[in-house]
Structure formats: C-alpha cells, structure tokens
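A look at the structure
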Amino acid sequence: MNIKAVQQFEYDVLSRINRGDDLMHIGTVEANSDELARVYARYIYDEEKWVEMYIVKRENMICIREVEPFFKKRVV
C-alpha cells in the first residue's frame with residue numbers, strides 16, 4: 001500500500017469588524033489548499049460578523065522587521 005503524504009500549509013487569518021477598522025490578525029489555520037484554508041477560516045472564526053476576512057499563506061509573507069531576541073549573546 002502506497003500512502004502519499006499531503007503537504008500542509010500554514011495560513012494567517014486577518015479580518016476587520018467594521019469598515020474603516022484596522023485589519024487585525026485573528027488566528028491561523030493549516031490546510032493543504034487555499035480553498036480548504038478559506039473554508040476552515042470561515043468556519044473557525046465565525047464568532048463575529050466580519051466585514052472583511054483574508055487568508056495569507058505564511059510562506060508568502062515578507063518580513064520587514066524581525067523581533068530582536070530578549071537576550072543577545074555577548075561577544076567577548
């Protein structure tokens with residue numbers, strides 16, 4: 001029996017409650033396709049009446065500024 005592993009992707013879920021509100025990160029979902037991630041996000045994060053909701057595949061995000069670690073290594 002040949003079982004092929006399905007690749008999972010992580011998606012960030014962003015939304016706003018009212019027009020003009022800031023877009024906020026409300027969570028993440030894991031799915032093997034964009035369409036499935038859309039369904040998961042809509043189902044999991046339906047507690048509010050969102051005016052807009054977006055999913056972004058984590059691998060497509062471009063870091064502008066990284067968080068510095070709490071403790072930097074000292075160079076002696």
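Please read these numbers as outputs of a predicted model, since none were measured by experiment. (Residues numbered from 1 in each chain as written. Predicted model: local features only at pLDDT ≥ 70, side-chain atom pairs only at ≥ 80, totals over all residues. Heavy atoms only, no water.)

1. Observations regarding the sheet that holds strand 1 (residues 9–16)
Pairing within the open sheet is antiparallel, and its three strands lie in the order 2-1-3. Of all strands in the sheet, those bounded by a partner on one side alone are strand 2 (24–31) and strand 3 (52–57). For this sheet the average axis-to-axis angle between neighbouring strands, irrespective of direction, equals 25°. Pairing geometry for strand 1 and strand 3, over six bridges, is antiparallel. Within the sheet, the bridge partner assigned to Leu14 lies in strand 3 and is Tyr54. Its contacts with the sheet place helix 1 (residues 34–44) against strand 1, strand 2 and strand 3, and it is angled at close to 130° to strand 2. (Pairing = 2+ DSSP bridges. Helix = DSSP H or I, 4+ residues; strand = E, 2+ residues; numbered from the N terminus. Axes fitted to C-alpha atoms, helices over the stretch in contact; angles between N-to-C directions. Contact = heavy atoms within 4.5 Å.)

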